[in-house]
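The chain contents come next:
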Amino acid sequence: MDFIDLGIIPHAEAEKIQLERLNQLMQSAAPDALYLLEHPPVVTLGRQGGLDNLLISEEALHKMGAQVVHTSRGGNITCHYPGQLVVYPVMRIEKRTGGIKKFFHDMEETAIRTAARFDVVATRCEGKPGVWVGEGKLCSIGIGVKKWITYHGLSFNISHDMTLFKAITLCGLHGAHPTSLSVEAGRDIDIKDVKNAFKEEFRRIFTDSTVA
């Protein structure tokens, strides 16, 4: 698997890179890839829609320096911004035990173990995808799958500044609010440290369970 740090990159460019790797994988012309990155401010809508959960006008959103993008991932509405770690695994899962459900579970588990390395206890919440600290959503997950190859993935809130979330009803879940690793740890956490920790935990979980 290739581990690739894209830095801060617009959503459209990152999606293009994912789709290029996806096509290569379908032709067996490249290894799996894990892309780690940040996005400039953007609100994304999944296959379940979510525009009704945008709390301000698109014009007002543009004034905040953000845009609205429709994507092919699962899930509802969420947002991305610098200071949030976005992880896109483009990988074959046909031979993984448990298929898509296990892949989703293992992505959550990677985030949970990563949070633990910064002394933050995160958990799953029954009926609510993603990773939580109490009622605070630490990590959102929305994936796409084509011919047993995944794309899109996970967003992990790291920095204290989560202003953009004020523009949406988080994932369409009324009563839910965002939280971040820095907020829960009570200190500023460097996203570079989180990237390294996430890669290590991802290797542990996925390398040991790649095939049945």
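Let us look at the structure shown here. Every value quoted in this text rests on a predicted model; they were computed, and no experiment measured them.

Comments concerning the packing of aromatic side chains
Argument step 1. In the structure shown here, the tally under the stated rule is 5 aromatic pairs.
Argument step 2. Look at Phe 3 and Phe 202: their rings are 6.2 Å apart centre to centre, the planes differ by 85 degrees, and that puts the pair in the edge-to-face class. You can see Phe 3 sitting in strand β1 (residues 2-8) and its partner Phe 202 sitting in helix α5 (residues 191-207), a full 199 residues away along the chain.
Argument step 3. Of the residues examined, Phe 3 reaches a relative accessible area of 25% and is grouped as partly exposed.
Argument step 4. Ring centres of Phe 198 and Phe 202 lie 6.5 Å apart, and the angle between their planes is 25 degrees; on these two criteria the pair is classed as stacked. Highlighted residues: Phe 198 and Phe 202, both in helix α5, separated by 4 residues, approximately one helical turn.

A look at the pattern of salt bridges
When the charged atoms of two side chains with opposite charge come close together, those side chains can pair.
Argument step 1. The tally for this structure, following the rule as stated, stands at 11 salt bridges.
Argument step 2. With a shortest N-O distance of 3.0 Å, Arg 204 and Glu 201 are connected by a salt bridge. With Arg 204 and Glu 201 both in helix α5, this residue pair falls 3 residues apart, about one helical turn.
Argument step 3. It is possible to trace a salt-bridge network through shared partners that takes in Glu 108, Glu 109, Arg 113 and Arg 124.

Describing α5
Argument step 1. Compared with an ideal rise of 1.5 Å per residue, which puts 17 residues at 24 Å, α5 spans 23 Å between its outermost C-alpha atoms and is within 8% of the ideal.
Argument step 2. Each element contacted by the buried residues of α5 is listed here: β1, β2 (33-38), β6 (84-90), α3 (99-116), β10 (149-157) and α4 (181-185).
Argument step 3. Its side-chain oxygen at 2.8 Å from the backbone nitrogen of Lys 192, Asp 190 defines the N-terminal cap of α5.

A closer look at the side chain of Glu 109
Argument step 1. Looking at the element boundaries, Glu 109 is found in helix α3.
Argument step 2. Taking the relative accessible area as the measure of exposure, Glu 109 reaches 18% and is therefore buried.
Argument step 3. Among the polar contacts listed, one links the side chain of Glu 109 to the side chain of Arg 124, at a separation of 3.0 Å.
Argument step 4. Those residues in contact with Glu 109 that lie beyond four places of it in its chain are Arg 124 and Ile 205.

Focus on the sheet that holds strand β5 (residues 77-80)
Argument step 1. Pairing in this open sheet of 3 strands is mixed, and the strands run β4-β3-β5 from one edge to the other. Whereas interior strands pair on both sides, the edge strands pair on one side only; in this sheet they are β4 (67-70) and β5. Between one strand axis and the next, the sheet turns through 25 degrees on average, direction left out of account.
Argument step 2. Relative to β4, strand β3 (residues 42-45) is paired through 4 bridges, and the arrangement is parallel. The residue of β4 that forms the bridge with Leu 45 is His 70.

Structural notes on the packing of α3 against α5
Argument step 1. Between α3 and α5, the least distance of the axes is 9 Å, while the angle of their chain directions is 135 degrees. Considering their axes alone, α3 and α5 lie oblique with respect to each other. The element α3 and its partner α5 pack so that their crossing is right-handed. Contacts between α3 and α5 involve Phe 103, Asp 106, Met 107, Glu 109, Thr 110, Ala 111, Arg 113 and Thr 114 on the former and, on the latter, Val 194, Ala 197, Phe 198, Glu 201, Phe 202, Ile 205 and Phe 206.
Argument step 2. Residues belonging to the contact of α3 with α5 are distributed by class as follows: 9 nonpolar, 2 polar and 4 charged.

Notes on α3
Argument step 1. For α3, which comprises 18 residues, the first-to-last C-alpha distance of 26 Å matches the rise-based estimate of 26 Å (1.5 Å per residue) to within 8%.
Argument step 2. Among all positions in α3, only Gly 99, Phe 103, Asp 106, Met 107, Glu 108, Glu 109, Thr 110, Ala 111, Ile 112, Thr 114 and Ala 115 are buried.

Conventions used here
- Residues numbered from 1 in each chain as written.
- Predicted model: local features only at pLDDT ≥ 70, side-chain atom pairs only at ≥ 80, totals over all residues.
- Heavy atoms only, no water.
- Phe/Tyr/Trp six-rings, centres within 6.5 Å; stacked < 30°, edge-to-face > 60°.
- Helix = DSSP H or I, 4+ residues; strand = E, 2+ residues; numbered from the N terminus.
- Buried < 20%, exposed > 50% of the residue type's maximum accessible area, 1.4 Å probe, protein only.
- Salt bridge = Lys/Arg side-chain N within 4 Å of Asp/Glu carboxyl O.
- Expected span 1.5 Å × (residues − 1).
- Contact = heavy atoms within 4.5 Å.
- Polar contact = N/O pair within 3.5 Å; in protein donor to acceptor, adjacent residues only side chain to side chain.
- Pairing = 2+ DSSP bridges.
- Axes fitted to C-alpha atoms, helices over the stretch in contact; angles between N-to-C directions.
- Parallel < 35°, antiparallel > 145°, perpendicular 65-115°, else oblique.
- Left-handed = near helix turned anticlockwise from the far one by under 90°.
- Nonpolar A, V, L, I, M, F, W, Y, C, P; charged D, E, K, R; others polar.

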